[in-house]
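Structural description and commentary
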Amino acid sequence: MVIGSVIATLIATTPYLFSLHESVPDIKVVNTFFGKYESNYYESLFVLSWTLTGKVIPLFLLFIWIFTCKHWWYHTILVPIAMYCYQIIVVLNDDLVFADNDQILYLIPVMAIIIPSIYLIRARIFNRINEANKSLEELEEELMLSPKNFWGKIKDYF
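What you see is a predicted model, and the numbers here were worked out from it, not measured in a lab.

Concerning the overall build of the protein
For the protein, the helix and strand inventory stands at 7 helices and 2 strands. Shown N-terminal to C-terminal, the secondary structure of the protein runs as helices and strands in the order α-α-β-β-α-α-α-α-α. The buried share of the protein, taken over its 158 residues, is 27%. Of the contacts formed within the protein by residues at least 6 apart in sequence, a portion of 54% connects residues at least 24 apart.

Quick word on the environment of Ile 64
Along the polypeptide, Ile 64 turns up in helix α3 (residues 45-68). The exposure class assigned to Ile 64 is buried, which follows from its relative accessible area of 12%. Along the primary structure Ile 64 and Ile 11 are separated by 53 residues, whereas in three dimensions their C-alpha atoms are 8.4 Å apart. When sequence neighbours within four positions are dropped, the list of residues in contact with Ile 64 reads Ile 7, Leu 10 and Ile 11.

Comments concerning the packing of helix α1 (residues 2-12) against α3
The angle between the axes and the distance between the axes are what describe a pair of packed helices. Following both chains from N to C, one finds α1 and α3 inclined at 155°, their axes separated by 11 Å at the closest point. In terms of axis orientation, α1 runs roughly antiparallel to α3. For the element pair α1 and α3, the recorded crossing hand is left-handed. Residues Ile 7, Leu 10 and Ile 11 of α1 form the contact with α3, whose participating residues are Phe 60, Leu 61, Ile 64 and Thr 68. Across the contact of α1 with α3, the residue classes tally to 6 nonpolar, 1 polar and no charged.

Thoughts on the packing of α3 against helix α4 (residues 78-92)
Two elements in contact, α3 and α4, have axes separated by 9 Å at closest approach and are oriented at 155°. By the criterion of interaxial angle, the relationship of α3 to α4 is roughly antiparallel. The way α3 lies across α4 gives a crossing that is left-handed. Only Leu 78, Pro 80, Ile 81, Tyr 84, Cys 85, Gln 87, Ile 88, Val 91 and Leu 92 of α4 make contact with α3, whose side of the interface consists of Leu 48, Thr 51, Leu 52, Gly 54, Lys 55, Val 56, Pro 58, Leu 59, Leu 62, Phe 63 and Ile 66. Partitioning the contact of α3 with α4 into residue classes produces 16 nonpolar, 3 polar and 1 charged.

As for the confidence of the model for the protein
For the protein, mean pLDDT is 78; residues scoring 70 or higher make up 75% of the total. Across the protein, the element-wise mean pLDDT spans from 61 in helix α7 (residues 150-157) up to 90 in α3.

Conventions and cut-offs
- Counting restarts for each chain, with residues numbered from 1 along the sequence as it is written.
- Two thresholds apply to this predicted model, a pLDDT of at least 70 for residue-level local features and 80 or more for giving and counting side-chain atom pairs, whereas whole-chain, interface and lining totals are computed over all residues.
- The basis for the side-chain values is all heavy atoms of the structure; hydrogens and waters are excluded.
- Under the DSSP-based scheme used, a helix requires at least four consecutive residues in state H or I and a strand at least two consecutive residues in state E, with every element numbered from the N terminus.
- Partly exposed describes any residue whose relative accessible area lies between the buried limit of under 20% and the exposed limit of over 50%, with all areas from a 1.4 Å probe on protein chains only and scaled to the type maximum.
- Throughout, a residue-residue contact means that at least one pair of heavy atoms, one from each residue, lies within 4.5 Å.
- Every angle, taken between N-to-C directions, lies between 0 and 180 degrees, and every axis is a line fitted to C-alpha atoms, over only the stretch in contact when it is a helix.
- Each angle receives one of four descriptions, namely roughly parallel if under 35 degrees, roughly antiparallel if over 145, roughly perpendicular if within 65 to 115, and oblique otherwise.
- In this scheme the crossing of two helices becomes right-handed for a clockwise turn of the near helix relative to the far one and left-handed for an anticlockwise turn of less than a right angle.
- Each residue gets one of three labels, nonpolar for Ala, Val, Leu, Ile, Met, Phe, Trp, Tyr, Cys and Pro, charged for Asp, Glu, Lys and Arg, and polar for the others, Gly among them.
- Per residue, pLDDT measures the predictor's confidence, with a range of 0 to 100.

Right, dumping it as structure tokens:
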């Protein structure tokens, strides 16, 4: 109950988090205690923060989804997670001209692992449906991995 309430609160705060870029000043250079940051490509910290919130908020929601999803196909959520991670790296790399170029080349290894594994899980489900009189929900529960804690869920992915 407590974990569900925390997750619901995090999801409910995403519109506020998405508008945080409005508090960033429209300047090119900022000096903080972390150091000096100069926005060469975007020429404005406001534009950089707006671009990053457009990538980070969906990534945040995808992480919530993958850690709370109970379906057998939840590994496919790793594909958009990898895509958003790559896009964030590209946005932070000021030397690139376009932010969304050639990302499919970097996603191919991720998709090469996820797509066949999802197909094999699907094949197992339909083989068991044909052999037994179980419903699809019962088979999903049987194939679902349910670790005890957060780190157990992380270990299932790696």
